[in-house]
Amino acid sequence: MWHAGAGHVIIAASQRQHTAPLFWGRPGRDSPLSTQKRPLFARGPVLFLGALLSCALWGSAIPCIKLSYDLFGIDTGNPGALLLFAGLRFALAGALVLLAGCALERRPLLPGKGDWPSILKVSLFQTVLQYLCYYLALRHTSGVAASILVGSNSFFAILIAALCFRMERLTAAKLAGCIVGFAGVVVSQLGSGAGGFSFTLQGEGLILLSALSAAVSATLIRRYSARVSPVLLSGWQFLLGGAALALAGWAMGGRWAASSPAAVGMLIYLALVSAVAYTLWSCLLKHNPVSRVTIFGFLTPVFGVVLSALLLSEGGALGWSALGALVLVCAGILLVNRPAGSAAEQ
């Protein structure tokens, strides 16, 4: 792996509160006038399509990373080589985000003096700790266990936002949505054909720390994006975090070389995946409660299973388990995003 404003949007304390629409809204609750008052990324259709696109991109990274290891000749048993590859990918993603931002705003995207603490904290949790723990754990756990445990970051994010940062209320519907969504992640892995599940500190323990780090980063983005541009925050945290991972991988003996245009093209694609998906996700977190956005994260491993079946010829992964997982994850999303039942809850 992951905030001011709200998807239900409360524009100011002095303005009346509106009942949040469920994606496309209900008659009388999502009139053109009320839609115009909400920021673009707080509107139901944009939230739904943006989160769906982000998760699909992240899901596509799962099989593409496996293909990259073959194209670059990377030894998956060498964590240094894995960290070096991840670091260069994220540093390139940061550079792409900043170049695009400079082109769109027609000025250099340089952080102000007060922006650096926010950038460094997000980079620490989102890029450095999350992926350092993840790649070090890959040697000691199965892909199925990793996919299931990574899916827990959505659950962690909602708990942290509600209990630690007090950004929103923890309701029964949100808890139910998390449980149902996580059940979908587990079901999506049942048809993968991999071995059993066990728990070790150097394997599954580090994966859980990775998921927890991603969850903390999501709440930090929600908080800091109120005063720091999500594009600037995304670009610089990727650039710095990627550089740190690359240096760590190099120090651990990681080495590889691009051997073909296909390898270079895959690296660029993976950098674009991170750049587009993460920046879009950050914009959604800025204008919506953490729970409304992060619940979609349960779709990422489901997309990963389906796309792995298509791109890696893992046909056994497509079946009733994938369909059941999709139903459960969608049910969890609906539970978290359904309109509040009372003005007090809203």
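Residues numbered from 1 in each chain as written. Predicted model: local features only at pLDDT ≥ 70, side-chain atom pairs only at ≥ 80, totals over all residues. Heavy atoms only, no water.

Attention now goes to the pattern of salt bridges. Throughout the structure, instances matching the rule amount to 2 salt bridges. Notably, a salt bridge pairs R107 with E105, separated by 2.7 Å at the nearest N-O pair. We note a salt bridge from K174 to E168, for which the minimum N-O separation is 2.8 Å. For K174, a relative accessible area of 11% gives the class buried. E168 sits in the buried class, given a relative accessible area of 13%. (Salt bridge = Lys/Arg side-chain N within 4 Å of Asp/Glu carboxyl O. Buried < 20%, exposed > 50% of the residue type's maximum accessible area, 1.4 Å probe, protein only.)

Turning to the confidence of the model for the protein, a few remarks are in order. Per-residue pLDDT for the protein averages 79, and the proportion of residues at 70 or more is 80%. Confidence, expressed as mean pLDDT per element, reaches its minimum in the protein at helix α1 (residues 32-37) with 50 and its maximum at helix α9 (residues 230-251) with 95. A low-confidence stretch, residues 1-35 (pLDDT under 50), is modelled with 91 contacts involving residues beyond four sequence positions or located in other chains. Note on residues 342-346: pLDDT is under 50 here. Beyond four places in sequence and across chains, it has 10 contacts. (pLDDT = per-residue confidence, 0-100. Helix = DSSP H or I, 4+ residues; strand = E, 2+ residues; numbered from the N terminus. Contact = heavy atoms within 4.5 Å.)

Moving on, we get to the side chain of S291. The topology assignment puts S291 in helix α11 (residues 290-294). On the basis of relative accessibility, which here comes to 2%, the residue S291 falls in the buried class. Reaching out from S291, the side chain makes a polar contact with the side chain of E168 at a distance of 2.5 Å. Filtering out sequence-adjacent residues up to four positions away, S291 remains in contact with I158, E168, K174 and V336. (Polar contact = N/O pair within 3.5 Å; in protein donor to acceptor, adjacent residues only side chain to side chain.)

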